[in-house]
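Take a look at the letters that make up each chain.
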Amino acid sequence: WFLTGAHMKVALRPPAPMVMTTAIVVYGAAIPRAQTKAETFVATAAVQTSTGSKTTPVTVVVTRQTTEQERAKVADALRTGGTPAVAAVLKTMADVGHIEVGGSKSPLKYAYERPAGGGRIITVITASPIAFLGADSPGAKPKAGFDLALALLDLSSSSTGTGELAPAAKVRLTDAGAIQTEDYGTEVVRLTNVQVKK
């Protein structure tokens, strides 16, 4: 992946957990946008390291949206068993596309889209981590429990936008029913120049 190497002290987000925008909303709290065809999104992932900014291309292919029944099943797993239960449920579900990061492709098990202003927010989740950024650094935390990877695409009405990538994450539900991520590290992996590929 684009950020491997023992000299790079890389991670994802400030120590306090942050909400990755209603990735899973419990039982009808969000109104999904109907997807009429498969879509491909391209972006650039960037993160600051001790040696400077590192970037890599990202491609997200969504072949279909997660159904309400599937979403409820994942939400139930999250509420009752946390990240391990979510990963287990996702592994039983059919692929809904894939995400490719720096040439490494992972199947998507969850893809959910909701309107936001004049645009839309798309959340995709894999059933296993993509990469543990900074895992080779001295004092790196254990990998156990960081069983998922998530990406958030925030597109404006013109189908361009920004986003974030959590290559290895734990998840939990907030009181409001939104997914909250605990990422493996401390620096945000930002997605820039997010576009719908024509």
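Scroll up to find the structure.
Below is a summary of the structure that appears in this document. Note that the structure is predicted; figures quoted are calculated from it, not measured.

Conventions we followed
- Residues numbered from 1 in each chain as written.
- Predicted model: local features only at pLDDT ≥ 70, side-chain atom pairs only at ≥ 80, totals over all residues.
- Heavy atoms only, no water.
- Buried < 20%, exposed > 50% of the residue type's maximum accessible area, 1.4 Å probe, protein only.
- Helix = DSSP H or I, 4+ residues; strand = E, 2+ residues; numbered from the N terminus.
- Pairing = 2+ DSSP bridges.
- Salt bridge = Lys/Arg side-chain N within 4 Å of Asp/Glu carboxyl O.
- Phe/Tyr/Trp six-rings, centres within 6.5 Å; stacked < 30°, edge-to-face > 60°.
- Core = buried A, V, L, I, M, F, W, Y, C linked by side-chain atoms within 4.5 Å.
- Contact = heavy atoms within 4.5 Å.

## Some points on the pairing of strand β7 (residues 119–126)
The buried fraction of β7 is high, at eight of eight residues. Neither face of β7 is open: one carries Gly 119, Ile 121, Thr 123 and Ile 125, the other Arg 120, Ile 122, Val 124 and Thr 126, and all of them are buried. The hairpin formed by strand β6 (residues 110–116) and β7 contains two residues between the paired strands, and Gly 117 there has a positive phi angle of roughly 65 degrees. In this structure, β7 lies alongside strand β8 (residues 148–155), joined through seven bridges in antiparallel fashion. In the sheet register, Arg 120 faces β8, and the bridge partner there is Leu 155.

## Concerning unusual backbone geometry
Despite not being glycine, Asn 193 has its phi angle at roughly 55 degrees, a positive value. Within the secondary structure, Asn 193 is located in strand β11 (residues 189–196).

## A closer look at the pattern of salt bridges
Evaluated as defined, the whole model comprises five salt bridges. Glu 113 is the partner of Arg 120 in a salt bridge, and the nearest nitrogen-oxygen pair spans 3.2 Å. What you see here is one network of salt bridges that share partners, running through Glu 39, Glu 113 and Arg 120.

## Comments concerning the packing of aromatic side chains
Inspection of every chain in the model, using the stated rule, returns three aromatic pairs. Ring geometry for Tyr 110 and Tyr 112: centres 6.3 Å apart, planes at 40 degrees, overall tilted. Assigned by exposure class, Tyr 110 and Tyr 112 land together as buried. Both rings, one in Phe 146 and one in Tyr 184, keep their centres 5.4 Å apart while their planes meet at 90 degrees; by these two values the pair is edge-to-face.

## Some remarks on the pairing of β8
Among the eight residues in β8, seven count as buried, and that is most of the element. As defined by bridge partners, β8 adjoins strand β9 (residues 160–173) across seven bridges and the pair is classed as antiparallel. Bridge pairing in β9 places Leu 152 opposite Glu 164.

## Describing the nonpolar core
Counting residues in each nonpolar core, the largest one holds 26 residues, and the members touching the most others are Phe 41, Val 60, Ile 99, Val 124, Leu 153 and Leu 191. Breaking this core down by element, the ones donating at least two residues are β2 (39–49), β3 (52–62), β4 (97–101), β7, β8 and β11. Sequence-distant contacts of Leu 153, defined by excluding residues within four places in its chain, comprise Phe 41, Val 60, Arg 120, Ile 121, Ile 122, Thr 162, Leu 191 and Val 194. In terms of nonpolar packing, the next biggest core, distinct from the first, is built from 18 residues, Ala 87, Met 93, Ala 166 and Leu 173 among them.

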